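Residue-level listing of the chains:
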Amino acid sequence: MSRELKTFSYDTPEYHQALQLRNKILRNPLGLQFTEAELKKDEQDIHFGLFEDGKIIACLTLTENKNGMMKMRQVAVEDTAQGKGIGSVLAIAAEKIAKENGYHTMFCHARKAASDFYLKLGYNIIGDEFTEVNIPHYLMEKKLI
Ligand SMILES: CC(C)(COP(=O)(O)OP(=O)(O)OC[C@H]1O[C@@H](n2cnc3c(N)ncnc32)[C@H](O)[C@@H]1OP(=O)(O)O)[C@@H](O)C(=O)NCCC(=O)NCCS
């Protein structure tokens, strides 16, 4: 079995695989679908995934900001592959990309239900809980230096 971690661009075959995974893991369970405005945001972003024999098993998206803070979003691991350290490997590799590109902080809107995942990676909760996609979230961030 071959495993490959790689970045890819909007509207590539890898992007469409990632979008399917994001739909399955992040949107369908909430009874939601991506809106055109949400997908528009993907155009300028860095997309990152782990592929097993060419099939995506985990992905995330990085949104660049001008203030030195990179946003990590859309973190999804195929359900049969969850709990095996894959999400952590992907997030840590994404932090390395951000750092190499001069970013000092990674932040995310973490689902409250997944906040332990980010706490274990060294992220801190900033401020109060808020609602996004109808479920509770925290702003969480980690200094990359
Ligand atoms: C959350 C998610 C990305 C984590 O990826 P993963 O590969 O399953 O996580 P890992 O195996 O790397 O877990 C690392 C640690 O975080 C913990 N963890 C993982 N997912 C967790 C969750 N949803 N809630 C609480 N803790 C979690 C693990 O137990 C593990 O702890 P340990 O080191 O003490 O064993 C993945 O489970 C997923 O896609 N979940 C559904 C979608 C989702 O919630 N995405 C995040 C949106 S903010």
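Right, let's walk through the structure included here. (Residues numbered from 1 in each chain as written. Predicted model: local features only at pLDDT ≥ 70, side-chain atom pairs only at ≥ 80, totals over all residues.)

Another aspect to go through is the sheet that holds strand β1 (residues 3-8). One open sheet accounts for 7 strands, arranged β1-β2-β3-β4-β5-β7-β6; its pairing is mixed. Of all strands in the sheet, those bounded by a partner on one side alone are β1 and β6 (124-132). Across this sheet, the average inter-strand angle for adjacent strands is 25°, counted without regard to direction. Here helix α1 (residues 13-27) sits on the sheet in contact with β1, β2 (46-52), β3 (55-63) and β4 (69-77), set at roughly 90° to β3. Relative to the sheet, helix α3 (residues 86-100) contacts β1, β2, β3, β4 and β5 (105-111), its axis offset from that of β3 by approximately 40°. (Pairing = 2+ DSSP bridges. Helix = DSSP H or I, 4+ residues; strand = E, 2+ residues; numbered from the N terminus. Axes fitted to C-alpha atoms, helices over the stretch in contact; angles between N-to-C directions. Contact = placed C-beta atoms within 7 Å.)

Around the ligand, 19 residues are found, and the nearest of them are V77, Q82, G87, S88 and D116. Elements supplying a minimum of two residues to the shell around the ligand: α1, β4, α3, β5 and α4 (115-120). Residue classes in the shell around the ligand are distributed as 10 nonpolar, 5 polar and 4 charged. (Near = placed C-beta within 6 Å. Nonpolar A, V, L, I, M, F, W, Y, C, P; charged D, E, K, R; others polar.)

A few words now on unusual backbone geometry. The phi dihedral of D11 falls on the positive side, at around 65°, and the residue is not glycine. Position of D11 relative to the elements: it lies in the loop between β1 and α1.

With that out of the way, let us pick up the pairing of β2. Here β1 runs beside β2; their pairing, made up of 6 bridges, is antiparallel. Bridge pairing in β2 places E4 opposite F51. Note: β2 against β3, 7 bridges, orientation antiparallel. Looking at the pairing, F51 lines up with I56 of β3. Linking β2 to β3, which pair antiparallel, is a turn of 2 residues; within it D53 sits at a positive phi near 50°.

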